[in-house]
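Listed here are the chains, written in short residue letters.
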Amino acid sequence: MNASTRTPTPEQAKDKVNLLGMTRPALEQFFEQLGEKKFRAGQVMKWIHQFGVTDFEQMSNISGKLRTKLAEIAEITAPEVVHRHYSKDGTRKWVFRVGDGAGSLVETVLIPADDKTGARKTLCISSQVGCALDCSFCSTGKQGFQRDLTPAEIIGQLWVANQSYMEDVPIAERTRTVTNVVMMGMGEPLLNFDPVVASMSLMLDDFAYGMSKRRVTLSTSGVVPMIDKLADTMDVALAISLHAPNDALRDELVPINKKYPLEQLIAACQRYLVKNGGDSQRRHVTVEYVMLDGVNDQPEHAQQLLKLLKKLPSKINLIPFNPFPHAPYARSSRNRIMAFQKTLSDAGFVCTIRQTRGDDIDAACGQLIGQVADRTRRAERWKKKVATQHGEILRTQGD
């Protein structure tokens with residue numbers, strides 16, 4: 001590992017400010033407090049996010065005096081990589097240790113495009129340690145919820161993924177490798193709102209990763225009030241983990257549906273599109289739908305889904321279920337999935353079948369569980385988390 005990517009030792013990092021997760025406004029304020037001009041923020045952001053430099057001495061367009069000062073009070077530190085796995089199909093997975101807890105692990109998966117160029121590389125980023133929502137078909141929920149990730153821990157996943165393609169590339173020749181980001185790893189992004197928004201702001205910032213707002217997607221299980229808050233805060237692509245076309249079934253598969261049923265969820269999606277796209281024909285919500293044999297894959301379910309999405313501009317992504325130990329479900333057959341797709345496509349919907357990638361390294365959708373032990377108090381954690389996060393919003397919604 002060269003000097004530009006060296007991680008500071010614990011002693012070196014002690015009491016220092018981590019600049020990795022700072023948005024441009026926050027970093028501008030940081031430099032103003034040092035008596036520096038605000039434009040220093042953009043310079044440092046480019047070094048960090050575009051060139052992957054963590055050694056202030058290599059930031060050649062910054063004065064020596066300021067470089068010395070930054071080395072004394074600041075650091076650029078991504079989460080520690082404890083495991084990295086590269087699949088035979090090109091998928092890459094990283095297991096990160098976050099915070100001080102030995103058991104606080106999160107996973108990140110990069111999926112390259114399945115074409116000749118391989119130019120598109122989509123990174124699936126985690127926002128929490130574990131997940132509080134306990135969706136019955138997802139192995140990640142087995143570990144329960146531990147804590148939210150900080151902005152540095154979230155954007156650090158993207159930083160590491162980029163670096164994995166650039167470690168041996170001279171600094172001046174480095175370019176952004178990851179082209180798309182989906183907030184769909186471990187955790188519910190909208191229950192860690194501020195750090196997730198800060199991280200996505202960095203993804204969109206031209207001084208950092210400069211991604212198009214259509215290439216940054218937030219996927220939610222349906223925290224309705226926070227979808228509205230997101231619409232008022234920033235404009236990114238929205239995806240919904242739907243997985244069922246009626247409330248009775250979704251209550252079983254995605255328990256948060258008991259708090260925010262489908263009618264409320266679809267209405268929130270419609271409001272989001274109006275807020276951030278008006279009547280644009282290009283705006284849509286991506287609907288994620290895991291295919292569970294005999295559970296949600298029958299012809300009547302397809303018809304219910306058509307009715308549910310009739311007034312919501314959407315693209316549907318059918319996801320073959322990825323089994324995990326003691327899973328109560330099985331994957332729908334290929335023929336059943338294709339028949340389901342045909343029903344939706346014939347009705348005019350754009351409907352794709354996600355190709356399973358990275359399952360040889362447990363990186364496929366729903367397999368983000370890593371090495372964290374199963375926990376048994378998921379429901380209590382979820383209730384506490386939601387009550388803390390939303391406060392007055394929940395009371396006005398009614399229990």
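Right above here is the structure, for reference.
Conventions used here
Residues numbered from 1 in each chain as written. Predicted model: local features only at pLDDT ≥ 70, side-chain atom pairs only at ≥ 80, totals over all residues. Heavy atoms only, no water. Phe/Tyr/Trp six-rings, centres within 6.5 Å; stacked < 30°, edge-to-face > 60°. Lys NZ or Arg CZ within 6 Å of the ring centre and 35° of its normal. Salt bridge = Lys/Arg side-chain N within 4 Å of Asp/Glu carboxyl O. Helix = DSSP H or I, 4+ residues; strand = E, 2+ residues; numbered from the N terminus. Expected span 1.5 Å × (residues − 1). Buried < 20%, exposed > 50% of the residue type's maximum accessible area, 1.4 Å probe, protein only. Pairing = 2+ DSSP bridges. Axes fitted to C-alpha atoms, helices over the stretch in contact; angles between N-to-C directions. Contact = heavy atoms within 4.5 Å. Left-handed = near helix turned anticlockwise from the far one by under 90°. Nonpolar A, V, L, I, M, F, W, Y, C, P; charged D, E, K, R; others polar.

A look at the packing of aromatic side chains
- Evaluated as defined, the whole model comprises 5 aromatic pairs.
- For the pair F321 and Y329, a centre-to-centre distance of 6.3 Å together with 85° between the ring planes defines the contact as edge-to-face.
- Lying over the aromatic face of Y86, R92 brings its terminal NZ or CZ to 4.2 Å of the ring centre.
- The cationic tip of K121 hangs over the ring face of Y165; the distance from NZ or CZ to the ring centre is 5.3 Å.

Some details on the pattern of salt bridges
- Tallied over the entire structure, the rule returns 12 salt bridges.
- Close ionic contact of R24 with D205 constitutes a salt bridge, the shortest N to O distance being 3.0 Å. Residue R24 is located in helix α2 (residues 24-33), and its partner D205 is located in the loop between α6 (193-204) and β10 (216-220); the two are separated by 181 residues in the primary sequence.
- The partner of E57 in a salt bridge is R67, with the nearest N and O atoms 3.8 Å apart.

As for helix α5 (residues 151-163)
- If you check α5, its first and last C-alpha atoms are 18 Å apart, about what 13 residues at 1.5 Å a residue would give, namely 18 Å.
- Among the 13 residues in α5, 12 count as buried, and that is most of the element.
- A152, E153, I154, I155, G156, Q157, L158, W159, V160, A161, N162 and Q163 are the residues of α5 that are buried.

Some details on the sheet that holds strand β13 (residues 314-320)
- Taken in spatial order, the 10 strands of this open sheet run β3-β4-β5-β6-β9-β10-β11-β12-β13-β14, and their pairing is mixed. Bordering the open sheet on either side are β3 (80-86) and β14 (350-353), each of which pairs with just one other strand. Pairs of neighbouring strands in the sheet enclose a mean axial angle of 20°, with direction left out of account.
- In the sheet, strand β5 (residues 105-112) pairs with strand β6 (residues 121-124) via 4 bridges, with the strands oriented antiparallel. The residue of β6 that forms the bridge with L110 is L123.
- Lying over the sheet, helix α9 (residues 262-277) contacts β11 (237-241) and β12 (285-291), oriented at roughly 170° with respect to β11.

Looking at the pairing of β6
- Where β6 lies against strand β9 (residues 180-183), 3 bridges are found, and the strand directions are parallel. If you follow L123 over to β9, its bridge partner there is V181.

As for the packing of α5 against α6
- Remark: α5 packs on α6, axes separated minimally by 8 Å, with the N-to-C direction vectors making an angle of 40°. For the pair α5 and α6, the sense of crossing is right-handed. On α6, the residues touching P151, I154, I155 and L158 of α5 are P195, V196, A198, S199, L202 and M203.
- The residue inventory of the contact of α5 with α6, partitioned by class, reads 9 nonpolar, 1 polar and no charged.

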